[in-house]
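So you can see what is in the structure, the chains are spelled out below.
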Amino acid sequence: MGTGSWFASHGIQNVLFAWLVTIVLNEPPSLVGLAQLALLLPATLFMLIGGSLADRLGGKRVAVVSQTLALVPLLALALVLFNDSLSFAFMIGYAVSIGCLQAFVTPARDSMLNTVAEGNIQRTVTKVTLIQFIVQMIGFVLAGFADTVGGALIVATQSLIVLFGALALGRLPQVSTGIRLHTEPLLPMIMSSITAGFQTVWSNRSMRLVVTQNVAMGICFMGSYVVTIPLLIRDRYDGSSEDLALVNLVNSSGLVLTILVQLFLREIRHKGNALLLAHGLGAVVLAFASLGFEFWFFLILMFIWGSFGGVAMATSRTIMQEQAPNDQRGSVMSFFSFSFMGAGPVGALLWGFMIEYIGPQATLFIACTVMFFVVLLIARALKR
């Protein structure tokens, strides 16, 4: 329930942040990319530290503190919107602060997952992913009313959701990490944990496959999703907050439907092949979405793309959870998040500047083409 509230908040943020920067402030593509960079980069810089602290201090403790601190920038944004004093500079500051806290919440949440798994990790991961995206879809719906009721009320609602989640997390039992924090200085402890986590991930062929694909996905898919698609909705479809919310909602609906199907199917045996296939087909579908079809057909393509994303997300997280040692789960899962969140800012900045010259449709097509060829290269390398 606690982490679900963070995903509901994240759903609101996905729509609201893009709406505020792209439509309300009407910033050019390069600044939209810069704003998304400010949101994603802090998570890149601190994600590995967050995972290390989750291993040392316990996921519950790190998650509760981080989620509580998130109330500060949220309430500040609500106040700025209420006073009608929004500026691009403030949005950059808000993005940096939320991005920093995301770096600690994400690995702390993932480190707690295996403690509730009842033997079948893939099924548990699938269930948790399903719940997270259902509540995130609720966040999309709430954010879609921003044009109608105003951004301040939406952000105030988001703050209440985050507060409720922090209180719920505080009621969970604390799982012992088995490590005494005071046995060594904090900085060397964190560095040794990060180094050990990297060695564990890179020495394992399956986990190495996941993080390599995650890097490509972060640049090509995540960068496109946070910059190119909102600009495409604004410039090609003359969109509003409702349209942004609808695209996010439809995309997540496809993801949720696929995850539901996976719950009733047998466990995927060849997870690496399934991951490659999902990314490859996803790249093809998203490339078609860049061709400027009518909005209703664009929504259908976003739904199909989300369906392939559901396979990729559940499969990749399962591989990492299954392969991670118990005493390194926070560090390993932080590398999992780091691999695509770290690449996301690169894609956001790259595509933002490219849109200035060739427009959002051509940029999205190029991003998908790059992703497709990366999948082909990885598939070829695996056959050797």
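Residues numbered from 1 in each chain as written. Predicted model: local features only at pLDDT ≥ 70, side-chain atom pairs only at ≥ 80, totals over all residues. Heavy atoms only, no water.

(A) Up close: unusual backbone geometry. Even without being a glycine, N26 presents a positive backbone phi close to 55 degrees. Take N26: it is sitting in the loop between α1 (2-24) and α2 (29-57). Here the phi dihedral of D238 falls at roughly 50 degrees; this positive angle occurs in a residue that is not glycine. Turning to its location among the elements, D238 is positioned in the loop between α10 (205-237) and α11 (241-263). For D238, a relative accessible area of 68% translates into the label exposed. (Helix = DSSP H or I, 4+ residues; strand = E, 2+ residues; numbered from the N terminus. Buried < 20%, exposed > 50% of the residue type's maximum accessible area, 1.4 Å probe, protein only.)

(B) Structural context of the environment of F198. Within the fold, F198 resides in helix α9 (residues 186-203). On the basis of relative accessible area, F198 is assigned to the partly exposed category, the value being 43%. It is 7.4 Å that separates the C-alpha atoms of F198 and V332, two residues lying 134 residues apart in sequence.

(C) Representation of the nonpolar core within the structure. Counting residues in hydrophobic clusters, the biggest one holds 110 residues, and the most contacted among them are I229, L286, F298 and M320. Tallying contributions element by element places α10 first for this core, with 16 residues. Leaving out residues up to four positions away in the same chain, I229 has contacts with S224, V247, L286, F298, M302 and W305. (Core = buried A, V, L, I, M, F, W, Y, C linked by side-chain atoms within 4.5 Å. Contact = heavy atoms within 4.5 Å.)

(D) Here's a closer look at the packing of aromatic side chains. Within the structure shown, the criterion is met by 9 aromatic pairs. Ring geometry for F221 against W305: centres 5.4 Å apart, planes inclined by 85 degrees, an arrangement best described as edge-to-face. A residue pair is termed long-range when its members are at least 10 positions apart, and F221 in helix α10 and W305 in helix α13 (residues 295-323) qualify at 84 residues. We note that F221, like W305, is buried. (Phe/Tyr/Trp six-rings, centres within 6.5 Å; stacked < 30°, edge-to-face > 60°.)

(E) Summary view of the pattern of salt bridges. For the structure shown, the criterion picks out 1 salt bridge. Of the charged contacts in the structure, one is a salt bridge between R234 and D235, with a shortest N-O distance of 2.9 Å. R234 gets classed as buried once you look at its relative accessible area, which sits at 16%. The partly exposed category is assigned to D235, whose relative accessible area is 44%. (Salt bridge = Lys/Arg side-chain N within 4 Å of Asp/Glu carboxyl O.)

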